[in-house]
Amino acid sequence: MKRISIIGSGNVGTNTAFFIAETRTADVLLVDIKDGVAAGKALDLMEAGPVRGYATAIRGSVRIDDIEGSDVVIIAAGVNRKPGQQREDVYRDNAPTVRSIANDIKRLAPGALVINIVEPIDLLTLLIQETLGADRFRVMGVGGLLTSTRIRYLVSKALGVSPREVTGLIVGPHHPSMVFLRDTIRVSGIPAETLLGAQRLDQLIEEARTAGDTILQLAKRSSAFYASCAAAAALVEAIVCDTKALLPVSVRCEGEYGVKGLAIGVPAYIGEKGVAGILELKLGAADRAAFDNAAAALRTAHDNIVATGA
Amino acid sequence: MSKNKVSIIGAGNVGATATYYIAEKVIADLVMVDVVGGMTQAKAVDFLHAGPLRGYDVSISIVGTDDFAQIADSNVVVITAGMPRKPGMDRMDLLKVNAGIVKQAARAIVEHAPNAVVVVVSNPLDIMCHVALRSTGFALRRVVGMAGILDSTRFRYFVAEKLGCALSSVHAMVLGGHGDQMVPLPRLTTVGGVPITELMDAATIARLVDRTRKGGAEIVGLLKTGSAYYAPAASVADMVESIITDRKHLAPCAAYVRGEYGIDDLFIGVPVILGRNGVERIIELGLSDDEKALLQASAGAVRQGVEELNTFFKPT
């Protein structure tokens, strides 16, 4: 059984452990610096096991050293974006913790694959990859996959069809400037636009783009986390079972889609070694322009951070 | 919530394996009916013995019988009964013998499960759908044939195998009759929504399309004395699940068209939404001229079969 460590046992970390347990793919260690929290949540999850039928072991620990030898480490330790914050602001809040965790991973589990769920996804995914000095394909950020599951849901609901057969890819930063590849939004292969009309599909895309904010407004004090956790668990499943599922993830590009030295959302085949390959699609002119603008803005944010030494 | 019930008529390899796949979903009580009563009863008891290990022990019942009355009040009845296709045997050779078998099953459904949705699996598939529809007199949407899901699951497997990617990322669309003239649509066959026409060259796609068309024959050729049943049974279970749980799965199935796709009064493989009422909706796609021609040719082959059926068949 593969060993997955999840650092941070807030809503994101704990529910990721829960989704992984339900898929029965791996043993999970939850780590949190707050004394007893990870152990308490892990015990609660294990006690649900006999009823839910999972055979995986979930443990909790306060010691980061327990991640030693993990096959996959998921970083879920960060604070949420507050209303009005730019990604550079969130970066300044979360980067010190994430950098320190990346150094721990380098020391304790140098061979592990790393999944980042902490915002801002793309900038921190790059920070982790650079801190580890690891092969870029071993570090993946949950970004497009989260939005992809949202547009898939919205399309299935609008059409009154099962979501299982709905596809949809997103490229670009995990940010409102992300680019939905309309032609990939399909139901059993049939373009959603032919089933819904262009205008309705546009509305659904905008709904998916702002879904995080919508949930934040609805839930008031808590931001969205179930969909992020489901996305992280889907990555774990693709890794552990080496499925080579085509999933949109944030990964450092070196020329793909015209991007160099930045992590950004692209469609990738995910398997036991992390990103098995980036699928480079020929983008239409409008998508190309939107992607280039979004990537340029991400580059500016990155350069600002470097310049201010955050 | 009243319990759902699914009956499977014909407990050969397809019927029994479909029963097993449906049992594992724990969504309905199951009845297998076959003229060979002892064998059917044995298979049901054998399944029940596996239940404690597989997790469906006391939550559903599985009955094997030769008594058609046991299908009473089923929500879904699957007709798999029929002679299997032998190597070199054309689907049309099976017409006469299987029309009689399906008619008998259909009459039993009218008598004992008059509100059921009927899923037809017996071959030649599209023609047996006509037999079931005429012999039950049910509303059009309550008779549906299993073909396109099987053809597309094979196409999906071939694409995933070729690209080395996950089966779950691949979706496929195959229209037309369930025969050599089926119409796989590569532009609607995708990996994560990306059409395979952007991922493979035309020659490779043509090879996979050809292999899909001959998918049933490939298995027959290997087995020598039998035909495929795991993929067909999995396709049946998927359809039954969609109907019982009202999942609204959009998938290609043999449905009765009245003008859709320019085809009148014929069972043919088209994309449908499967739900509690059977065929909830037929989805009409815009097709290219080439695709239209292929679909018309396929419809022509089905129509020819229906005309052959008309030479001898009486529904009651």
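Computed from a predicted structure; not experimentally measured.

Procedures and definitions
- Residues numbered from 1 in each chain as written.
- Chains lettered and ligands numbered in written order.
- Predicted model: local features only at pLDDT ≥ 70, side-chain atom pairs only at ≥ 80, totals over all residues.
- Helix = DSSP H or I, 4+ residues; strand = E, 2+ residues; numbered from the N terminus.
- Rg over C-alpha atoms; globule rule 2.2 N^0.38 Å.
- Contact = placed C-beta atoms within 7 Å.
- Buried ≥ 20, exposed ≤ 12 C-beta atoms within 10 Å, placed from the backbone.
- Domains from an automatic or database assignment.
- Nonpolar A, V, L, I, M, F, W, Y, C, P; charged D, E, K, R; others polar.
- Pairing = 2+ DSSP bridges.
- Axes fitted to C-alpha atoms, helices over the stretch in contact; angles between N-to-C directions.
- Parallel < 35°, antiparallel > 145°, perpendicular 65-115°, else oblique.
- Left-handed = near helix turned anticlockwise from the far one by under 90°.

Chemist: Explanation requested: the overall build of chain B in the structure shown.
Modeler: A count of helices and strands for chain B gives 9 helices and 14 strands. Taking 316 residues into account, the globule formula puts the C-alpha radius of gyration at 20 Å, and chain B, at 19 Å, falls close to it. Taking as baseline every contact in chain B between residues at least 6 positions apart, the subset at least 24 positions apart corresponds to 69%.

Chemist: Please explain the overall build of chain A as it appears in this structure.
Modeler: Along its length, chain A carries 10 helices and 12 strands. Relative to the compact-globule value of 19 Å for 310 residues, chain A shows a C-alpha radius of gyration of 19 Å, a close match. Here the C-alpha coordinates of chain A stretch approximately 50 × 50 × 40 Å along the principal axes. Within the span of chain A, comprising 310 residues, buried residues form 52% of the whole. Looking at chain A alone, contacts between residues at least 24 apart form 68% of all its contacts between residues at least 6 apart.

Chemist: How should I be thinking about the domain arrangement of chain A in this particular structure?
Modeler: Interfaces are often sized by the accessible area lost when the parts come together. Residues and elements named next belong to chain A. Here the domain parsing of chain A yields domain 1 (2-141) and domain 2 (144-308). Spacing between the C-alpha centres of domain 1 and domain 2 amounts to 21 Å. With 31 residues of domain 1 at the contact, the number on the domain 2 side is 34 residues. If you list the elements that add at least two residues to the side of domain 1 that touches domain 2, you get strand 1 (2-7), helix 1 (11-23), strand 4 (72-75), helix 3 (87-108), strand 5 (113-116), helix 4 (121-132) and strand 6 (139-141). In terms of residue count, helix 1 provides more of the side of domain 1 that touches domain 2 than any other element does, 7 residues in total. Partitioning the side of domain 1 that touches domain 2 into residue classes produces 16 nonpolar, 9 polar and 6 charged.

Chemist: Before we go on, may I ask you to explain the pairing of strand 11 (residues 260-271) of chain A in this structure?
Modeler: For a regular strand, the rule is simple: side chains alternate between the two faces of the sheet. Residue and element names in this part refer to chain A. Where burial is concerned, most of strand 11 is hidden: 9 out of the 12 residues are buried. Sheet topology places strand 10 (residues 245-254) next to strand 11; 10 bridges connect them, and they run antiparallel. The residue of strand 11 that forms the bridge with Arg-252 is Ala-263. By the bridge criterion, 4 bridges tie strand 11 to strand 12 (residues 274-278) in an arrangement that is antiparallel. Residue pairing in the sheet places Tyr-269 in a bridge with Gly-277 of strand 12.

Chemist: Help me understand the interface of chain B and chain A, please; the structure alone is not making it clear to me.
Modeler: Every contact between the two is made by 26 residues of chain B and, on the other side, 23 residues of chain A. Listing elements by their share of the side of chain B that touches chain A, those giving two or more residues are strand 10 (190-191), strand 12 (249-258) and strand 13 (264-275) of chain B. Sort the elements by how many residues they give to the side of chain B that touches chain A and strand 12 of chain B lands first, with 3 residues. Of the residues assigned to the side of chain B that touches chain A, the class counts are 13 nonpolar, 10 polar and 3 charged.

Chemist: What am I meant to see in the domain arrangement of chain B here?
Modeler: All names here are of chain B. Along its sequence, chain B is carved into domain 1 (5-145) and domain 2 (148-310). The C-alpha-based centres of domain 1 and domain 2 are spaced at 21 Å. Elements represented by at least two residues in the side of domain 1 that touches domain 2 include exactly helix 1 (13-25), strand 4 (76-79), helix 3 (95-112), strand 5 (117-120), helix 4 (125-136) and strand 6 (143-145). Ranked by the residues each element gives to the side of domain 1 that touches domain 2, the list is headed by helix 1, at 7 residues. In terms of residue class, the side of domain 1 that touches domain 2 is built from 25 nonpolar, 5 polar and 6 charged.

Chemist: Can you help me understand the packing of helix 1 of chain A against helix 2 (residues 37-52) of chain A in this one?
Modeler: To describe two helices that pack against each other, one gives the angle between their axes and the distance between the axes. Residue and element names in this part refer to chain A. The N-to-C vectors of helix 1 and helix 2 enclose an angle of 25°; their axes lie 11 Å apart at closest approach. The angle between the axes of helix 1 and helix 2 places the two elements in the roughly parallel class. For the pair helix 1 and helix 2, the crossing hand works out as right-handed. Residues Thr-14, Ala-17, Phe-18, Ala-21 and Glu-22 of helix 1 pack against Lys-41, Leu-45 and Arg-52 of helix 2. Taken together, the residues of the contact of helix 1 with helix 2 sort by class into 4 nonpolar, 1 polar and 3 charged.

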